[in-house]
There are 2 protein chains.
Amino acid sequence: MIQQQNTETEIKIIAAATEIFLQKGKDGARMQEIANKAGINKALLHYYFRSKDKLFEKVFYKEVRTMLNTTLDSVTETDNFEKFLKLFISNYIDNVALRKNLFRFIFWESENFMKNVTDQFSQVFKNLGFQQNPVISKVKKAIADGQIRKLDPNNFALSLISMCLFPIIAAPVLSKVATQLDVDNLRFWKKRKQEIFNLIWNGIKP
Amino acid sequence: MIQQQNTETEIKIIAAATEIFLQKGKDGARMQEIANKAGINKALLHYYFRSKDKLFEKVFYKEVRTMLNTTLDSVTETDNFEKFLKLFISNYIDNVALRKNLFRFIFWESENFMKNVTDQFSQVFKNLGFQQNPVISKVKKAIADGQIRKLDPNNFALSLISMCLFPIIAAPVLSKVATQLDVDNLRFWKKRKQEIFNLIWNGIKP
DNA sequence: GTCTATACATCGATAGAC
DNA sequence: GTCTATCGATGTATAGAC
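These numbers were taken from a predicted model, which means no experiment stands behind them.

This next bit is on the interface of chain A and chain B. Listed by partner, the interface residues are 68 residues for chain A and 69 residues for chain B. Regarding the contact of chain A and chain B, the summed buried area is about 6200 Å², with carbon and sulfur atoms giving 63% of it. Area buried by chain A at its contact with chain B is led by Trp-108, Lys-176 and Ile-204 of chain A, which between them contribute 14% of it. Where chain A meets chain B, there are four salt bridges. Between Lys-191 of chain A and Asp-152 of chain B there is a salt bridge, with the nearest N and O atoms lying 3.7 Å from each other. Our count for the contact surface shared by chain A and chain B stands at 27 residue pairs in polar contact (both at pLDDT 80 or more). If you list the elements that add at least two residues to the side of chain A that touches chain B, you get helix 1 (8-28), helix 4 (52-73), helix 5 (81-97), helix 6 (100-114), helix 7 (118-127), helix 9 (153-169), helix 10 (171-177) and helix 11 (186-202) of chain A.

Bringing the pattern of salt bridges into the picture now. It is possible for side chains bearing opposite charge to pair when their charged atoms get close. Residue and element names in this part refer to chain B. For the structure on display, the rule yields 22 salt bridges over all chains. As a salt-bridge pair, Lys-86 and Glu-82 come within 3.9 Å of each other at their nearest N and O atoms. Of this pair, Lys-86 and Glu-82 both sit in helix 5 (residues 81-97), four residues apart, which is roughly one turn of the helix. According to the relative accessible area criterion, Lys-86 is partly exposed, its value standing at 44%. In this structure, the salt-bridge partner of Asp-94 is Lys-193, at a minimum N-O distance of 3.0 Å. Taken together, the residues span a long stretch of sequence, with Asp-94 in helix 5 and Lys-193 in helix 11 (residues 186-202) at a distance of 99 residues.

Let us look at the protein's contact with DNA strand D. Within the structure, DNA strand D sits among 16 residues, and Asn-41 and Tyr-48 of chain A together with Lys-42, His-46 and Lys-52 of chain B are positioned closest to it. Sugar and phosphate atoms constitute 60% of the interface atoms of DNA strand D, taking the interface as everything within 4 Å of the protein. Within the contact set of DNA strand D, a phosphate oxygen lies 2.7 Å away from a side-chain nitrogen or oxygen of Tyr-48 of chain A. Contact distances for DNA strand D include 3.2 Å between a phosphate oxygen and a backbone N or O atom of Met-31 of chain B. Sorting the residues of the surface near DNA strand D by element identifies helix 3 (42-48) of chain A together with helix 3 (42-48) of chain B as the ones contributing at least two each. Here the surface near DNA strand D takes four residues from helix 3 of chain A, the largest share from any one element. Split into classes, the residues belonging to the surface near DNA strand D amount to eight nonpolar, four polar and four charged.

This paragraph deals with the environment of Asp-73 of chain B. Mapped onto the fold, Asp-73 of chain B is located in helix 4 (residues 52-73). Considering only alpha carbons, one finds Asp-73 of chain B and Glu-111 of chain B, 38 residues apart in sequence, at a separation of 26 Å.

Once that is clear, we can look at the relation of the copies chain A and chain B. With an RMSD of 0.1 Å, the operation that places chain A on chain B is a rotation of 180 degrees combined with a shift of 0.0 Å along the axis. One copy is carried onto the other by what is essentially a two-fold rotation axis. Within chain A, Gly-203 of chain A has its C-alpha nearest the rotation axis, a separation of 1.8 Å. Take the interface residues of chain A: 100% of them recur as interface residues in chain B, which is what a same-surface contact looks like.

Bringing the environment of Phe-84 of chain B into the picture now. Residues and elements named next belong to chain B. As for its placement among the helices and strands, Phe-84 is situated in helix 5. On the basis of relative accessible area, Phe-84 is assigned to the buried category, the value being 1%. Between the alpha carbons of Phe-84 and Ser-74 there is a distance of 9.8 Å; along the sequence they are 10 residues apart. Sequence-distant contacts of Phe-84, defined by excluding residues within four places in its chain, comprise Val-75, Thr-76, Thr-78, Val-135 and Lys-138.

A few words now on the domain arrangement of chain A. Size of an interface, as often reported, equals the accessible area lost when the parts are brought together. All names here are of chain A. Taken domain by domain, chain A holds domain 1 (1-50) and domain 2 (60-204). Of the residues lining the interface, six residues belong to domain 1; the matching set on domain 2 comes to six residues. Interface area for domain 1 against domain 2, summed over the two sides, is near 550 Å², with a carbon-plus-sulfur share of 63%. Considering only the side of domain 1, the residues that lose the most area to domain 2 are Thr-18, Leu-22 and Lys-26, jointly responsible for 71% of the buried surface there. Viewed at the interface, domain 2 and domain 1 are joined by zero salt bridges. On the surface where domain 1 and domain 2 come into contact, there are two residue pairs in polar contact (both at pLDDT 80 or more). Here the residues of the side of domain 1 that touches domain 2 sort into three nonpolar, two polar and one charged.

Reading the values: the criteria
Residues numbered from 1 in each chain as written. Chains lettered and ligands numbered in written order. Predicted model: local features only at pLDDT ≥ 70, side-chain atom pairs only at ≥ 80, totals over all residues. Heavy atoms only, no water. Contact = heavy atoms within 4.5 Å. Buried area = accessible area lost by both parts, 1.4 Å probe. Salt bridge = Lys/Arg side-chain N within 4 Å of Asp/Glu carboxyl O. Polar contact = N/O pair within 3.5 Å; in protein donor to acceptor, adjacent residues only side chain to side chain. Helix = DSSP H or I, 4+ residues; strand = E, 2+ residues; numbered from the N terminus. Buried < 20%, exposed > 50% of the residue type's maximum accessible area, 1.4 Å probe, protein only. Near = heavy atom within 4 Å. Nonpolar A, V, L, I, M, F, W, Y, C, P; charged D, E, K, R; others polar. Least-squares fit on C-alpha atoms with pLDDT ≥ 70 in both. Domains from an automatic or database assignment.

Right under this line is the structure:
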């Protein structure tokens with residue numbers, strides 16, 4: 001497939017559409033608002049992208065790719081699993097925090113949207129090499145090396161990502177429901193990283 | 001405040017509105033569709049609830065209360081922390097799974113919606129007694145009893161909830177991105193419960 | 001309280017000039 | 001490619017009969 005040259009206007013539109021869609025969702029987004037933010041008018045939007053659906057699809061696919069790459073970007077090359085784990089927790093939390101709207105958006109829209117595009121999606125995911133999730137590979141190797149005890153690598157990776165990702169998505173709720181956490185404070189996240197590592201590494205046995 | 005008697009029609013409307021809002025969000029929901037599902041017409045909808053905003057507000061508040069109570073409902077009374085933990089993980093996953101749309105909905109709508117109602121919200125949360133979150137109380141007691149090692153109760157509770165809740169919200173994505181997990185299969189969740197407990201209890205040290 | 005009919009606003013999309 | 005102007009559809013909300 002030949003990668004088409006993107007015009008400057010096209011880039012501005014995508015950037016504006018991404019921002020609006022991630023904040024308000026597909027239904028809440030307004031073509032007028034996207035046009036305004038891109039510094040153009042509605043007619044030009046439809047000239048470049050036939051419809052709102054098509055524009056959304058472009059943005060959604062691009063952002064899914066970004067979401068998956070966020071995991072890859074957080075992996076540091078090292079054979080010391082303890083070191084890898086500490087760095088991954090820190091990097092992943094930082095990377096996700098920079099894109100909190102993206103993750104909220106994906107988990108919200110995914111169900112309604114995917115129903116019609118299941119097939120293409122599986123393709124996209126496989127093409128990105130998520131099947132060989134690097135976190136899971138690291139875990140398998142660490143078990144083989146005897147660096148950690150035997151456990152299910154898939155569930156471990158899921159737990160690890162859950163503990164890092166969920167608090168960021170839930171932050172708006174947590175700041176109201178669990179004020180003692182002080183999730184708006186940077187110090188919370190510094191401590192959070194340590195606590196995640198400690199729990200994973202040591203468990204809670206006395 | 002006097003609790004008003006809810007008419008049968010009012011109950012039908014709230015039930016219909018809840019279902020539609022949770023599935024499609026505030027912007028995606030259509031008053032016509034809510035009316036249809038409630039077996040009435042649009043005019044009557046506005047007769048009972050002045051506007052879509054007011055109807056949404058009613059539903060949102062009610063569902064937030066349900067969300068918080070889900071945590072309370074999952075707590076079993078026992079002084080054995082190991083037993084408590086096993087039961088909580090199982091109950092909480094089951095309870096959240098029954099309301100997966102609710103949790104997706106809350107984390108999505110919370111940010112945009114809460115901006116205008118911050119004050120009232122804090123009130124609601126406090127009134128529900130979430131400040132004395134029973135999970136955190138249990139953890140504190142278990143530490144005092146020497147049943148578990150010393151750790152930060154708030155972060156522990158957050159990690160516990162993250163590991164149970166996040167996979168359920170993320171299931172639509174995971175079923176595409178991590179097919180090996182087989183999240184649509186009941187056996188996955190049975191194993192998931194065990195793996196969460198094992199990780200928390202034992203850590204990963206060899 | 002419940003309905004039909006309709007007003008009024010807004011949004012996505014297009015026509016047509018430049 | 002970019003604009004103004006506008007169409008047609010749809011959505012929220014209301015008027016008014018029963």
